[in-house]
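Listed here are the chains, written in short residue letters.
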Amino acid sequence: MTAATAAAGHKHPDYMRIFWALAILTVVELAVVFAPIPKLVIAAALVVLAVWKAALVAMYFMHLRFETKTLGWIAVTPLAIATLLVFLLLPDGLAVDHKTSREKPAAEAPAKK
Amino acid sequence: MTAEAAALHGAVEPAETPVTPESWGKLGMWIFLAGDAVGFGTLLAAYGAMRATSADWPNPYDVLGINLTAAMTFLLICSSVTMVKALEWLGKGDRITCRLYLLATALGGAIFVGLQGYEWSKLIHEGLLISGMHGHALELAKGHGAALFGASFFIVTGFHGLHVTGGVIYLLSIIRYVTNRPDPAASYNAVEIVGLYWHFVDLVWIMVFTFMYLL
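Residues numbered from 1 in each chain as written. Chains lettered and ligands numbered in written order. Predicted model: local features only at pLDDT ≥ 70, side-chain atom pairs only at ≥ 80, totals over all residues. Heavy atoms only, no water.

### Side note on the overall build of chain A
Alright, step 1. Across its full length, chain A carries five helices and zero strands.
Alright, step 2. Its helices and strands taken in sequence order, chain A reads α-α-α-α-α from the N to the C terminus.
Alright, step 3. Residues classed as buried in chain A amount to 30% of the 113 residues present.
Alright, step 4. Look at the contacts in chain A between residues 6 or more apart in sequence, and 58% of them connect residues 24 or more apart. (Helix = DSSP H or I, 4+ residues; strand = E, 2+ residues; numbered from the N terminus. Buried < 20%, exposed > 50% of the residue type's maximum accessible area, 1.4 Å probe, protein only. Contact = heavy atoms within 4.5 Å.)

Next comes the structure, spelled out in structure tokens:
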């Protein structure tokens, strides 16, 4: 197959539009970090923005939107594994009593005075 | 070519399959990248688990700063654009412009690694080490000196930096590949595949930047 037919096969997206979208989303991320909103909202917003940017790169720069389904399934596999991993690690993160608590040294400090 | 020879050739490398109509190389790169993504995903998940179970994890941007890293993020996005431009120009049959864009992409990657080296040496100088946090880094962290913070930071950003370094070498070798092939169509697949790798490295950085610097 020639380069010409390959280029015709993919409808080339407007790459500059994707670039500006990525640049703007990065600026939004930086603004969100220091926004006066609850930490949990910041974290959720940052995750959404990051996934959005990653999806833009995969869909348009990596042409996933214009590829066969097989490549799409290959790309989705690590996402499924990563999601599973988060649930596997969740019990560790939620086990608060395992934390090396900072409260202990803080409680000792006044005692020393 | 006899029908027999054609059949044999077809058995070794079918020109088209339902799995990947364009090239086996692309399928191979996607499978490699899926595996690599699991590697990065595991590192980031481990980072999250360590952070969630530590009570004295600092605010990453207090210690790391994000101005330089934001610029590095922008640089990597720009290098992704030069990468797609390289492929676009090769598709139009212009090998010279394609190679210039490939070179610009490699240069972007090299500058990225250089800036990362500068960032690392600054942080190490401030007292952020694999073994823990000391001196000025500990002050910046407002006393939240989780020992694993430095270790996880250097491992994840180092793993990504190695990918960028490998990508720069890969890009340079593809410039040579294009140079050696007068027919632009002959190197189209190779350029598309190096592009997949390069965009993946950009994609991973988007994740690393968010999870290790901003969150």
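### Re the overall build of chain B
Alright, step 1. For chain B, the helix and strand inventory stands at eight helices and two strands.
Alright, step 2. Going from the N terminus to the C terminus, chain B shows its helices and strands as α-α-α-α-α-β-β-α-α-α.
Alright, step 3. Looking at chain B as a whole, 51% of its 215 residues are labelled buried.
Alright, step 4. Partitioning the intrachain contacts of chain B with sequence separation of at least 6 by distance along the chain shows that 76% fall at a separation of at least 24.

### Side note on empty space enclosed by the protein
Alright, step 1. Throughout the structure, instances matching the rule amount to two cavities of 30 Å³ or more.
Alright, step 2. As for the largest cavity, its lining consists of Phe61 and His63 of chain A together with Met83, Val84, Leu87, Glu192, Gly195, Leu196 and His199 of chain B.
Alright, step 3. Broken down by class, the residue content of the lining of the largest cavity amounts to five nonpolar, three polar and one charged.
Alright, step 4. Taken as a whole, the second largest cavity spans an internal volume of roughly 30 Å³. (1 Å grid on protein atoms, 1.4 Å probe; cavity = no way out; pocket = protein on both sides within 12 Å on 5 of 7 lines; lining within 4 Å. Points joined across faces, edges and corners; volume = space filled by probe spheres on them. Nonpolar A, V, L, I, M, F, W, Y, C, P; charged D, E, K, R; others polar.)

### Section: the interface of chain A and chain B
Alright, step 1. Contact with chain A, which involves 49 residues of that partner, is made by 54 residues of chain B.
Alright, step 2. Taken over both partners, the interface formed by chain A and chain B buries close to 4300 Å², and the fraction arising from carbon and sulfur atoms is 79%.
Alright, step 3. At the surface where chain A touches chain B, the tally comes to one salt bridge.
Alright, step 4. Among the ionic pairs, glutamate 67 of chain A bridges to lysine 26 of chain B, the shortest N-O distance being 2.9 Å.
Alright, step 5. There are four residue pairs in polar contact (both at pLDDT 80 or more) connecting chain A and chain B.
Alright, step 6. Ranked by residues supplied to the side of chain A that touches chain B, first place goes to helix H3 (residues 39-61) of chain A with 11 residues.
Alright, step 7. Residue composition of the side of chain A that touches chain B, by class: 31 nonpolar, 11 polar and seven charged. (Buried area = accessible area lost by both parts, 1.4 Å probe. Salt bridge = Lys/Arg side-chain N within 4 Å of Asp/Glu carboxyl O. Polar contact = N/O pair within 3.5 Å; in protein donor to acceptor, adjacent residues only side chain to side chain.)

### Notes on the pattern of salt bridges
Alright, step 1. Scanning all chains against the criterion turns up six salt bridges over all chains.
Alright, step 2. Among the ionic pairs, lysine 53 of chain A bridges to glutamate 29 of chain A, the shortest N-O distance being 3.0 Å. Placement of lysine 53 of chain A in helix H3 and of glutamate 29 of chain A in helix H2 (residues 15-33) is noted, with a sequence separation of 24 residues between them. Across the pair, exposure class does not vary: lysine 53 of chain A and glutamate 29 of chain A are buried alike.
Alright, step 3. Between aspartate 62 of chain B and lysine 142 of chain B there is a salt bridge, with the nearest N and O atoms lying 3.0 Å from each other. Taken together, the positions of aspartate 62 of chain B in helix H3 (residues 60-64) and lysine 142 of chain B in the loop between helix H6 (135-140) and helix H7 (147-179) put the pair 80 residues apart, joining distant regions of the chain.
Alright, step 4. We classify lysine 142 of chain B as exposed; its relative accessible area is 59%.

### Section: helix H8 (residues 188-214) of chain B
Alright, step 1. Compared with the 39 Å implied by 1.5 Å per residue over 27 residues, the 37 Å span of H8 of chain B between its first and last C-alpha is a close match.
Alright, step 2. Taken across its 27 residues, H8 of chain B has 25 buried, putting it largely inside the fold. (Expected span 1.5 Å × (residues − 1).)

### Some remarks on the confidence of the model for chain B
Alright, step 1. Averaged over all residues, the pLDDT of chain B equals 88, while 90% of them reach at least 70.
Alright, step 2. Predicted complex metrics record ipTM = 0.81 and pTM = 0.84. (pLDDT = per-residue confidence, 0-100.)

### Some remarks on a nonpolar patch on the surface
Residues and elements named next belong to chain A.
Alright, step 1. Taken together, the side chains of Met16, Trp20, Ile24 and Val28 make up a nonpolar region of the molecular surface, amounting to roughly 380 Å² of accessible area.
Alright, step 2. Relative to the helices and strands, valine 28 resides in helix H2.
Alright, step 3. Judged by relative accessible area, valine 28 falls into the partly exposed class, the value being 33%. (Patch = residues over 30% accessible without salt bridge, like charges linked within 9 Å, V, L, I, M, F, W, Y side chains within 5 Å. Areas by Shrake-Rupley, 256 points an atom, 1.4 Å probe, with all protein chains shown as cover.)

### Side note on the packing of aromatic side chains
Alright, step 1. One pass over the full model with this rule turns up 16 aromatic pairs over all chains.
Alright, step 2. With centroids separated by 5.3 Å and ring planes inclined at 70°, the aromatic side chains of phenylalanine 34 of chain A and tyrosine 61 of chain B adopt a geometry described as edge-to-face. Remark: tyrosine 61 of chain B occurs in helix H3 and phenylalanine 34 of chain A occurs in the loop between H2 and H3; the pair is interchain, linking two chains.
Alright, step 3. A residue is classified by how much of its surface remains accessible, and phenylalanine 34 of chain A, at 54% relative accessible area, is exposed.
Alright, step 4. For tyrosine 61 of chain B, a relative accessible area of 17% gives the class buried.
Alright, step 5. Centroid distance phenylalanine 112 of chain B to tryptophan 205 of chain B: 5.0 Å. Interplanar angle 85°. Geometry classified as edge-to-face. Residue phenylalanine 112 of chain B is located in helix H5 (residues 95-126), and its partner tryptophan 205 of chain B is located in helix H8; the two are separated by 93 residues in the primary sequence.
Alright, step 6. Relative accessible area serves as the criterion here: at 0%, phenylalanine 112 of chain B is assigned to the buried category.
Alright, step 7. Its relative accessible area of 0% is what places tryptophan 205 of chain B among the buried residues.
Alright, step 8. By way of ring pairs, the aromatic residues Phe112, Trp120, Phe153, Phe154, Trp205, Phe209 and Tyr213 of chain B are connected into one cluster.
Alright, step 9. The side chain of arginine 181 of chain B reaches across the aromatic face of tyrosine 177 of chain B, ending 3.6 Å from its centre. (Phe/Tyr/Trp six-rings, centres within 6.5 Å; stacked < 30°, edge-to-face > 60°. Lys NZ or Arg CZ within 6 Å of the ring centre and 35° of its normal.)

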